[in-house]
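Here's the letter readout for the chains.
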Amino acid sequence: MMTNIQQLPALAELSDTLIAETGRAAGEPDWLVERRVAAWRHFVQSEPPFWRRTDLTKFKPEGIVAPLGAQHTAVQWDEQLAAKGVVFTTLAAALRDHEELVRQYLGTAVDPLTHKFSALHAALWQDGVFLYVPKDTALEVPLHAVVTLAGAGFATVPHNLIVLDRGASLTFVEEFVSEDVDGQALALPATELFLGDGASLRYVTIQTWGHGVYQIGAQRAIVGRDASLEWAAVNLGATLQHTEAETSLVGDGSHVNWVAATFGGADQALLTAPWLRHIGARTEGHMDFKTVVKDNAYATFDGMIKIEHESRGTVSRLEEHALHLTPKARSDSIPGLRIDTNDVLRAGHASTSGEVDEEQLFYMRSRGIPRDEAIHMIVMGFFEPVLDRIPSEELRERLGALIEAKI
Amino acid sequence: MKSELVIKDLHVGIEDKEILKGVNLTVRPGTIHAIMGPNGSGKSTLAYTIAGHPGYTVTRGEIWYKGQNILELEPDERAKLGLFLAFQYPVAIPGVTVANFLRAAINAQRAEEGKDPKETAIPMAQFRKELREKMAQLGIDEAFARRYLNEGFSGGEKKRVEILQMAMLRPSMAVMDETDSGLDIDALKVVAQGVNSLAEQNPEMGVLVITHYQRLLNYIKPHFVSVVMDGRVVREGGPELALELEEKGYDFIREEVVRS
């Protein structure tokens, strides 16, 4: 069902009445309609967040059209999965067929009231997928969800909700993709990931919005006992990105391996704020974040490792490295480490930032590789630990080509 | 094309400090020429200058190879001309595998202006076959092809991979900068054997072996030996000069130089 977008109201024309009416007309349950209205009121009443490193002064949301009823989610579906009890559908459809399951998880990882934009997300989300993998079920084939947007003047508000029951395993790839837009567009994505005890998830999230898109996003994973999360993020697109991400290692013995590649060029401003929270005992987290900037781009890594009081025997390691290809490009790194337990096994942090290494360049050139090609190879090599985790050859090549084109 | 490497009155400095003070040297094709000298004599500066390291400033002199003053060429253009430098301290390139690096280097050297690089590129099957053969000859485990270049390699592994690169790129003039440093005797033998068999396979190849110690020259037999001290070539001779140095040390030459 595609709503006629010509009839949609602008954000400035929205009201709690209109939101409630739209929800009811779509057959949404009362609890959800109530949540949307509450979130909308929070959005209207709260002050814009003060973000030192995300500058929204150039963004003019007034004329942006609200995405009520919009459908920008494509789901690749496999009949055989249904036989295993796997649910993979749009979140809107899941509300009809699996209401209790959705209600149990929706909005419990990403807090709708974190700030003004998370409230707007909770009030307006329409697109996105629901994915449920039953107990002890292993899916070999990666599942893929693609979110797009309608173009300049539109908002897309997708919500992906991924639930792995005990012992389940899955590879999930989400892509946010669009052409360049002539003007401004708004993306407010949120993704919630739940890993039951002993579950194993490889999560790949790729942001390749076109120029003109302003993204304010949230992602959070709740990891159960002895569960294991492999998280790879690739951020190449958008005019502005502000993504708050968190992994909560709640269960004892849970584990995350978290890598990210961010590449900013032209006038892009890309911020990632990853938090790693160790809550359970004997939890282990590794973060390896890579950033490349050129032209007038500005990238920010605003990360934090927090080890809670009960998290005994923790292992935590954060690496973040930035490469500057041209002198005007900027990157900021604000890593934090807060330890509230006195029983940490290992916790460490390494950070570098600088231009392409002249000794590497000379070494490669001494083998006959021209300077430009050597820089290409160094950048691709820099991102390799992230690209290496992309499960499909086709996707890896597509991202490789996008990165090559940016260099 | 056969060519000598001719170095004429070469003066080189780093940040205002003059290191080479007028080096004259000729390396003929098909010969192995050893440069010996104590630490700080300028041996490595000579190697880097031949390869075109941007940190060294040539204040006077010329280096001729294949009809060109190579000081006017970029490092990659020099490599394309057939020059190769085996580094004393090979550099790690994270995320770039040995195989991919070598293929890029070979294809860069095969590239011709105005031609589609795909046309001139080495066929994949041929590349794989050659790489496997050369790795086996040098006693390098096949798994190294997929490892990131020099990342986490031991000193001996790095030097072997330098020789592997040399074997794959088939230079017409190879400069080996202290290839023996940091190697135990077994690793040294493997590396020397690699160089010798390359020299046999490419009888026109010239080799400039730079070393502090005579030890390496037991395994790579030079035709000529030049001794460098304080930025100048102070003695030239045949292989017997290396043995004399081993016996008497560098001091006897230093005294000779002072007397004259």
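Student: Just give me the short version of the sheet that holds strand β9 (residues 173-177) of chain B, but keep the residues and values in it.
Tutor: All names here are of chain B. Ordered in space as β6-β9-β10-β3-β11-β12, the six strands form an open sheet in which the pairing is mixed. The open sheet terminates on both sides in strands that have one partner only, identified here as β6 (83-86) and β12 (232-237). On average, each strand axis in the sheet is tilted by 20 degrees relative to the strand beside it, whichever way the strands run. Sheet strands touched by helix α6 (residues 155-169): β6 and β9. Its angle to β6, the strand with the most contacts, is close to 170 degrees.

Student: Give me the lowdown on helix α2 (residues 30-45) of chain A, citing residues and values where you can.
Tutor: Residues and elements named next belong to chain A. Taking 1.5 Å per residue as the helical rise, α2 with its 16 residues ought to reach 22 Å, and the 23 Å between its terminal C-alpha atoms agrees with that figure. All of the buried residues in α2 are Trp31, Leu32, Val33, Arg36, Val37, Ala39, Trp40 and Phe43. Buried residues in α2 make contact with α1 (16-25), α4 (91-97), α5 (99-105) and α6 (116-124).

Student: Account for the interface of chain B and chain A, with residues named and values stated.
Tutor: The partner chain A presents 18 residues to the 32 residues of chain B that form the contact. Both sides of the chain B and chain A interface together cover about 2000 Å² of buried area, and 65% of this is carbon and sulfur. At the boundary of chain B and chain A, one finds three salt bridges. On inspection of chain B and its partner chain A, the count reaches eleven residue pairs in polar contact (both at pLDDT 80 or more). Those elements that provide at least two residues to the side of chain B that touches chain A are α1 (43-51), α2 (75-80), β6, β7 (93-97), α3 (98-110), β8 (148-149) and α6 of chain B. A per-element tally of the side of chain B that touches chain A places α3 of chain B first, with six residues. Its residues assigned to classes, the side of chain B that touches chain A comprises 22 nonpolar, seven polar and three charged.

Student: Requested: an account of the layout of surface pockets, with residues and values cited.
Tutor: Volume-wise, the largest pocket comes out at about 970 Å³. What lines the largest pocket is a set of 26 residues, among which Met377, Met380 and Glu404 of chain A together with Asn100 and Arg103 of chain B lie closest to the centre. Among the secondary structure elements, those contributing two or more residues to the lining of the largest pocket are α8 (371-387) and α9 (393-406) of chain A together with β7, α3 and α4 (117-120) of chain B. The element best represented in the lining of the largest pocket is α8 of chain A, accounting for seven residues. Of the residues contributing to the lining of the largest pocket, the split by class is eleven nonpolar, eight polar and seven charged.

Cut-offs and rules
- For every chain, the first residue of the written sequence is number 1, and numbering continues from 1 onward in sequence order.
- Each chain is given a letter, starting from A, and each ligand a number, starting from 1, according to the order in which they appear as written.
- pLDDT decides what is reported in this predicted model: residues at 70 or higher carry local features, side-chain atom pairs at 80 or more are listed and counted, and totals for whole chains, interfaces and linings draw on all residues regardless.
- For the side-chain quantities, the full set of heavy atoms in the structure was used; hydrogens and water were omitted.
- We call two strands paired when DSSP finds no fewer than two bridges between them.
- Secondary structure counts use DSSP, requiring at least four H or I residues in a row for a helix and at least two E residues in a row for a strand, with both numbered from the N terminus.
- Lines fitted to C-alpha atoms define the axes here, with helix axes fitted over just the stretch in contact, and angles between the N-to-C directions of these axes take values from 0 to 180 degrees.
- Contacts are residue-level and defined by heavy atoms, with any inter-residue pair within 4.5 Å sufficient.
- Each residue after the first adds 1.5 Å to the expected span of a helix.
- Partly exposed describes any residue whose relative accessible area lies between the buried limit of under 20% and the exposed limit of over 50%, with all areas from a 1.4 Å probe on protein chains only and scaled to the type maximum.
- Buried area is calculated as the accessible area (1.4 Å probe) missing from two parts once they are joined, with the contributions of both summed.
- Salt bridges are counted wherever a side-chain nitrogen of Lys or Arg sits within 4 Å of a carboxyl oxygen of Asp or Glu.
- Under the rule applied, a polar contact is a pair of N or O atoms within 3.5 Å (in protein, one hydrogen donor and one hydrogen acceptor; residues adjacent in sequence only if both atoms are side-chain atoms).
- Amino acids are sorted into nonpolar (Ala, Val, Leu, Ile, Met, Phe, Trp, Tyr, Cys and Pro), charged (Asp, Glu, Lys and Arg) and polar (every other residue, Gly among them).
- Using a 1 Å grid laid over the protein atoms alone, points where a 1.4 Å probe fits but cannot get out form a cavity; open sets with protein on both sides within 12 Å along at least 5 of 7 lines form a pocket; any residue with an atom within 4 Å of a point counts as lining.
- Grid points are joined across faces, edges and corners, and a volume is the space filled by probe spheres set on the points.

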